[in-house]
Amino acid sequence: MELVSNIEVHKIKKSGISEVNFNQLEFGKYTSDHMLVADFANGEWQTPKILPYANLSLSPAALALHYGQTVFEGMKAFRMANGSVNIFRIHKHHQRLTKSLHRMCMAEIPEDIFIEGLTQLIALDQDWVPSAPGTSLYIRPFMIATESRFGVKISDEYRFIIFTGPVPSIYTEPIKVKVETEFSRAAKGGTGFAKCGGNYGAAYFPTKLAKEQGYDQVLWTDSIEHKFIEESGMMNVMFVINETLVTPALSDSILDGITRDSLLTIAKDLGIKTEERPVSVFELQSAFENKTISEAFGAGTAAVVAPIKTIGINGTDFHLPAYSADSKSSIIKNKLEQIRAGNTEDIHGWNFIVP
Ligand SMILES: *Cc1c(COP(=O)(O)O)cnc(C)c1O
């Protein structure tokens, strides 16, 4: 990897870290001192800069604000048991970002800018990486179309930014989800596999309706027949059926979650049987009736595992047994946390230690 040694660094005059209560973190509340900013113009990436975190200045005609050319990533850095900082699965996040950008016709960010820029940013703000169990530094890389032009067109100019912020351990109480059979998150041929802003905007309304009906989230189904399960809210979804970890196979309407991939890999390492295949609503209902389903959970970077207690299928609520430390989801999640902390061997090369 060719190193981008010429990143310009402008340090903040006074750190804001003393204003953060690290014993009472809230997800999304605090941002660290610096951000990485790189502009794409005249067909090439300009010298990336590390700047004090601040508001942006954009033309009101910036294309991202109108036609939705925006893409993001969500990743985390962890304080390891020995004090080092670990950016988890940095290469896989860059690969997914590249796929999302390609789908949205946006300039691809070279791996050296991504990795070297992120490494330098985290090294500079390393005091912001919390150390209490389960806490982490959330990392938000994103890109927007910045060309100022009010006709519909593919932008010729982009801004790539990475900012970070400390977040608490997110333990979610088991949630109630509703199998969604009217609205869709993503359609075949659409942008479901890309981490683009529009997928989120379009998901709010069905989720709001589900909340009004007493659920926490929707369980998305395929957009053609609404017969096959796809994702849970903005997380991938996994089930334990007949002691097997089952998850819908990836498709263009399912996001290739890095947590999903990590949990599947660890399950295999632990000798748990896994299946990636279509999971129908009918199969789920039968599994409840036959009592062969024992767990259901969302999988994503924010919470790692979000256990599900109830699934509403066509107006009937089906309940899952209580979760414990012996649940497969707990065992796999625990193993993942041990790998990230450096307490157990990282046999898949997932940890990226900040020098
Ligand atoms: C980000 C995201 C996920 C989870 O991906 P992770 O890499 O595990 O955080 C799942 N589904 C959707 C729609 C997402 O946007």
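Residues numbered from 1 in each chain as written. Predicted model: local features only at pLDDT ≥ 70, side-chain atom pairs only at ≥ 80, totals over all residues. Heavy atoms only, no water.

This brings us to the overall build of the protein. Helices and strands together make up the secondary structure of the protein, namely eight helices and 19 strands. Here the C-alpha atoms of the protein give a radius of gyration of 21 Å, agreeing with the 20 Å that 2.2 N^0.38 yields for 355 residues. Projected onto the principal axes, the alpha-carbon positions of the protein cover approximately 60 × 55 × 35 Å. Relative to its full complement of 355 residues, the protein shows a buried share of 51%. Partitioning the intrachain contacts of the protein with sequence separation of at least 6 by distance along the chain shows that 71% fall at a separation of at least 24. Of the accessible surface of the protein, which amounts to about 16300 Å², a share of 52% is contributed by carbon and sulfur atoms. In the protein, 34 side chains carry a positive charge and 41 a negative one; their mean positions are 3 Å apart. (Helix = DSSP H or I, 4+ residues; strand = E, 2+ residues; numbered from the N terminus. Rg over C-alpha atoms; globule rule 2.2 N^0.38 Å. Buried < 20%, exposed > 50% of the residue type's maximum accessible area, 1.4 Å probe, protein only. Contact = heavy atoms within 4.5 Å. Areas by Shrake-Rupley, 256 points an atom, 1.4 Å probe, with all protein chains shown as cover. Lys, Arg positive; Asp, Glu negative; His and termini not counted. Charge placed at Lys NZ, Arg CZ, Asp CG, Glu CD.)

Looking now at the side chain of Thr 274. With respect to the helices, strands and loops of the structure, Thr 274 is situated in strand S15 (residues 274–276). A relative accessible area of 19% means that Thr 274 is categorised as buried.

For the rest of this paragraph, the subject is the packing of helix H6 (residues 258–269) against helix H8 (residues 328–341). Remark: H6 packs on H8, axes separated minimally by 9 Å, with the N-to-C direction vectors making an angle of 100 degrees. Between H6 and H8, the angle is such that the two are roughly perpendicular. Packed against H6, whose contacting residues are Ser 262, Leu 263, Ile 266 and Ala 267, the element H8 presents Ile 332, Lys 335, Leu 336 and Ile 339 at the interface. A breakdown of the residues in the contact of H6 with H8 according to their chemical character gives six nonpolar, one polar and one charged. (Axes fitted to C-alpha atoms, helices over the stretch in contact; angles between N-to-C directions. Parallel < 35°, antiparallel > 145°, perpendicular 65-115°, else oblique. Nonpolar A, V, L, I, M, F, W, Y, C, P; charged D, E, K, R; others polar.)

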